Amino acid sequence: MRLASRSMCLCGILRKESIGKSSTGINTSPGASSLRVYPNPVKNELVIAYPVNVAPIHFKIINTMGLIVYQGIMSEKIVVPMASYAAGIYLVVVESEVEVRERVVKM
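What you see is a predicted model; the values in this text were computed from it and never measured.

Calculation notes
Residues numbered from 1 in each chain as written. Predicted model: local features only at pLDDT ≥ 70, side-chain atom pairs only at ≥ 80, totals over all residues. Heavy atoms only, no water. Helix = DSSP H or I, 4+ residues; strand = E, 2+ residues; numbered from the N terminus. Buried < 20%, exposed > 50% of the residue type's maximum accessible area, 1.4 Å probe, protein only. Contact = heavy atoms within 4.5 Å. Pairing = 2+ DSSP bridges. Axes fitted to C-alpha atoms, helices over the stretch in contact; angles between N-to-C directions. Core = buried A, V, L, I, M, F, W, Y, C linked by side-chain atoms within 4.5 Å.

Some thoughts on the overall build of the chain
- What the chain contains, in helices and strands, is one helix and nine strands.
- Along the chain, helices and strands appear, N-terminal first, in the series α-β-β-β-β-β-β-β-β-β.
- Counting the 107 residues in the chain, one finds 33% classified as buried.
- At a minimum sequence separation of 6, the contacts of the chain that also span at least 24 residues come to 52%.

Written as structure tokens, this is what we have:
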């Protein structure tokens, strides 16, 4: 039952007016096709690449409890150390003209 409540918490984070559903039923946001987050699942280092961006923008990584576990400023690409994070699902949020989100699994 605890897993269900954690999943519901993450779903609560993902619900916003700017998010739609793709044909696969997975929530996506506008501009998500430009955001690349890899490898997914991640073990040690997560690469966040947003090649359509050249100006510095804010980004953050949020855990399933809704806590910001990492945040910073990036331009086109950044490498985030994830080795010390607990296994689970995280949400990468890039705050450009529109808020772009991508889910990541930490192993």
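Read on, since the account is not over.
Quick word on the sheet that holds strand S6 (residues 68-74)
- Reading across from one edge, S6-S5-S8-S9 is the order of the four strands in this open sheet, with antiparallel pairing throughout. One side of each edge strand has no neighbouring strand; the edge strands of this open sheet are S6 and strand S9 (99-106). This sheet shows a mean twist of 20° between the axes of neighbouring strands, independent of strand direction.

Overview of the nonpolar core
- One finds Leu46, Ile48, Ile61, Val80, Met82, Val92 and Val94 to be the most contacted residues of the largest nonpolar core, which totals 19 residues.
- Mapped onto this core, the elements with two or more residues apiece are strand S4 (45-49), strand S5 (57-62), strand S7 (77-81), strand S8 (88-95) and S9.
- Each residue touching Met82, except ones within four places of it in the same chain, is listed here: Val42, Lys43, Asn44, Glu45, Leu46, Ile61, Tyr90 and Lys106.

Limitation: the analysis is restricted to geometry and does not speak to function.
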